[in-house]
Amino acid sequence: MTDRAEIEAAVIEILARQLLLPPGEVAPEARVEDLGLDSLGKVEAIFALEERFDISVPFNANEPDQPDFDFSSVPSIVAGVERLIAAT
Amino acid sequence: MRRVVITGIGTVNALALDVPGTFAAFRDGRTAIGPLGFRDAERLTIRVGAEIRDWDEGRFTPSEQALYDRVTQYALVAGAEALAMAGLVGPLGPRAGVILGTAAGGIRTWEDSYRAVFAEGKNRVPPLVVPRLMHNAAASHLSIRHGAGGPVLSVSSACASANHALGLALQQIRAGAADVMLAGGSEAMLCFGGVKAWEGLRVLSPDMCRPFSLGRKGMVIGDGAGVLVLEAEDHARARGAPVLAELAGFGMTADAGDIVAPDPEGAARAMRAALADAGLGPQEVGYVNAHGTGTLLNDRSETRALRAVFGEAPPPVSSTKAMHGHAIGATGALEAIACVMALREGLLPPTVGFQAPDPDCALDVVANVARPARVEAALSNAFAFGGLNAVLALRRA
């Protein structure tokens, strides 16, 4: 079982790597839009999450409101990953 | 400067294996998008495409089958149709050439040989892997089969490959390097590895392709080939050839910006360059076959580019990709053929799957049903990953 703190640390680490920032500069409540992650960075981060947790994230870059996976903030990504892990 | 005309067209694509069948599908507004049927498709997240079904390799001899990847087979069948329509019989000689676009070349051959050595533990692959998979295979086999001994090469610029090929072929004839050029593109990327690669970018639609429509979910890949016979007008007239349309202009630009995100400014410059090259004013254009991939970003960006070039009321626009799929390096050739239909038959092929106008795509979209319209000139847009833009201008003959 993967706990919430571990998922949050992984999400922050993965986002930080894409943003070329130290993980300490990505706050646990940060919004992705404010971090300035571009579209390729986003799909690379999702790939990294899938590889890390062996999940499949239902994300399509053409759907602005992302009905299946809320990628808007660190907490929403953590919650989404938790849900996907629980479903496997 | 020599004018260049189109005297023959040929295609195989998911809608039909010839031009009459493809035109019928354009007139009826049919889509070829459906479930994928190739090996391991069940392991994909995205399981739809515009696949050529029931392809009969038996039209080629066993030794040809060993030598021709699908990308070559499609080009040869399309090329034969185009040459028959043009009334040309080989050997075409040193004043004839071939320029074909492809993005992935013989990707199925790569896949099969890698599967053999990596997945199946084999220690050898068939001896013809290299001549099957090379990007110039399709162009070379067209040259060999029809005895075209002039300028022959392949062009690879992702989704703009076929438009670049057609534009470069136009320039060969204008420059006096050839009298006849077979040009267009071929693509056979619908295989497990090909679609897996696209999945990673998260831009594929899980069901339909709905260009410029509210609720669009992305692109759908298609397979196919389109080959056009381009000919110096004096050469065509001298032999009494049928003239289908004039390939009047070509414009190419680079965004020199992002590797995937489109830039409306680069696209607009390419359209203006094609118009200037053709000696056309924007008001003379009666139809634009859009790049219109059905992704959120492309369609929004292309709308901005069209409005920059044509002002508040651009001419009617459609994306035929919703019917034949995005045939990547071949798509520009399929779409040039759609423009020939618009010019010759006075019927604009539709954008099928259109549900509702998107305020971000304020265009006169030919939605769902083909529209009668007398067209004097048409543009065909192609905007590739890599920021490469290639636009063709066609004029009614």
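Residues numbered from 1 in each chain as written. Chains lettered and ligands numbered in written order. Predicted model: local features only at pLDDT ≥ 70, side-chain atom pairs only at ≥ 80, totals over all residues. Heavy atoms only, no water.

(A) Just the interface of chain A and chain B, in detail. Listed by partner, the interface residues are 11 residues for chain A and 14 residues for chain B. A combined buried area of about 980 Å² lies between chain A and chain B, and 51% of that area is made up of carbon and sulfur atoms. Summed over the shared surface of chain A and chain B, the number is 1 salt bridge. A:Glu50 serves as the salt-bridge partner of B:Arg202, at 2.7 Å between the closest nitrogen and oxygen. For the interface between chain A and chain B, the tally reads 9 residue pairs in polar contact (both at pLDDT 80 or more). Residue classes in the side of chain A that touches chain B are distributed as 7 nonpolar, 2 polar and 2 charged. (Contact = heavy atoms within 4.5 Å. Buried area = accessible area lost by both parts, 1.4 Å probe. Salt bridge = Lys/Arg side-chain N within 4 Å of Asp/Glu carboxyl O. Polar contact = N/O pair within 3.5 Å; in protein donor to acceptor, adjacent residues only side chain to side chain. Nonpolar A, V, L, I, M, F, W, Y, C, P; charged D, E, K, R; others polar.)

(B) Quick peek at the sheet that holds strand E10 (residues 317–318) of chain B. Residues and elements named next belong to chain B. Spatial ordering of the open sheet is given by E5-E4-E6-E7-E1-E8-E14-E13-E9-E10, a layout of 10 strands whose pairing is mixed. The sheet is open, and its two edges are formed by strand E5 (152–155) and E10, each paired on a single side. With 4 bridges connecting them, strand E4 (residues 96–101) and E5 associate as parallel partners. The residue of E5 that forms the bridge with Val98 is Val152. Against the sheet, helix H11 (residues 296–310) engages strand E9 (285–289), E10 and strand E13 (377–384), with an angle of about 140° to E13. Sitting on the sheet, helix H13 (residues 331–345) is in contact with strand E1 (4–13), strand E6 (180–187), strand E7 (224–232), strand E8 (245–254), E9, E13 and strand E14 (388–396), with an inclination near 165° to E13. (Pairing = 2+ DSSP bridges. Helix = DSSP H or I, 4+ residues; strand = E, 2+ residues; numbered from the N terminus. Axes fitted to C-alpha atoms, helices over the stretch in contact; angles between N-to-C directions.)

(C) Local environment of the domain arrangement of chain B. Residue and element names in this part refer to chain B. Under the domain assignment, chain B is made up of domain 1 (4–238) and domain 2 (250–396). Placing the centre of domain 1 and that of domain 2 at their C-alpha centroids yields a distance of 21 Å. Between domain 1 and domain 2, the buried area comes to about 4600 Å², and carbon and sulfur atoms account for 70% of it. In this structure, Arg216 and Asp299 form a salt bridge, with 3.4 Å as the shortest nitrogen-oxygen distance. Broken down by secondary-structure element, the contributors of at least two residues to the side of domain 1 that touches domain 2 are E1, helix H1 (19–28), helix H7 (161–174), E6, helix H8 (192–201) and E7. If you tally residues by element for the side of domain 1 that touches domain 2, the top one is H7, at 10 residues. (Domains from an automatic or database assignment.)

(D) Representation of the pairing of E6(B) within the structure. Residue and element names in this part refer to chain B. The buried fraction of E6 amounts to 8 of the 8 residues, a majority that puts the element mostly inside the structure. Neither face of E6 is exposed, since Val180, Leu182, Gly184 and Ser186 on one face and Met181, Ala183, Gly185 and Glu187 on the opposite face are all buried. As judged from the 6 bridges shared by E4 and E6, these two strands associate in the parallel manner. Within E6, the position partnered with Gly101 by the bridge is Gly185. When E6 meets E7, the two strands line up antiparallel, connected through 8 bridges. In the sheet register, Val180 faces E7, and the bridge partner there is Glu231. (Buried < 20%, exposed > 50% of the residue type's maximum accessible area, 1.4 Å probe, protein only.)

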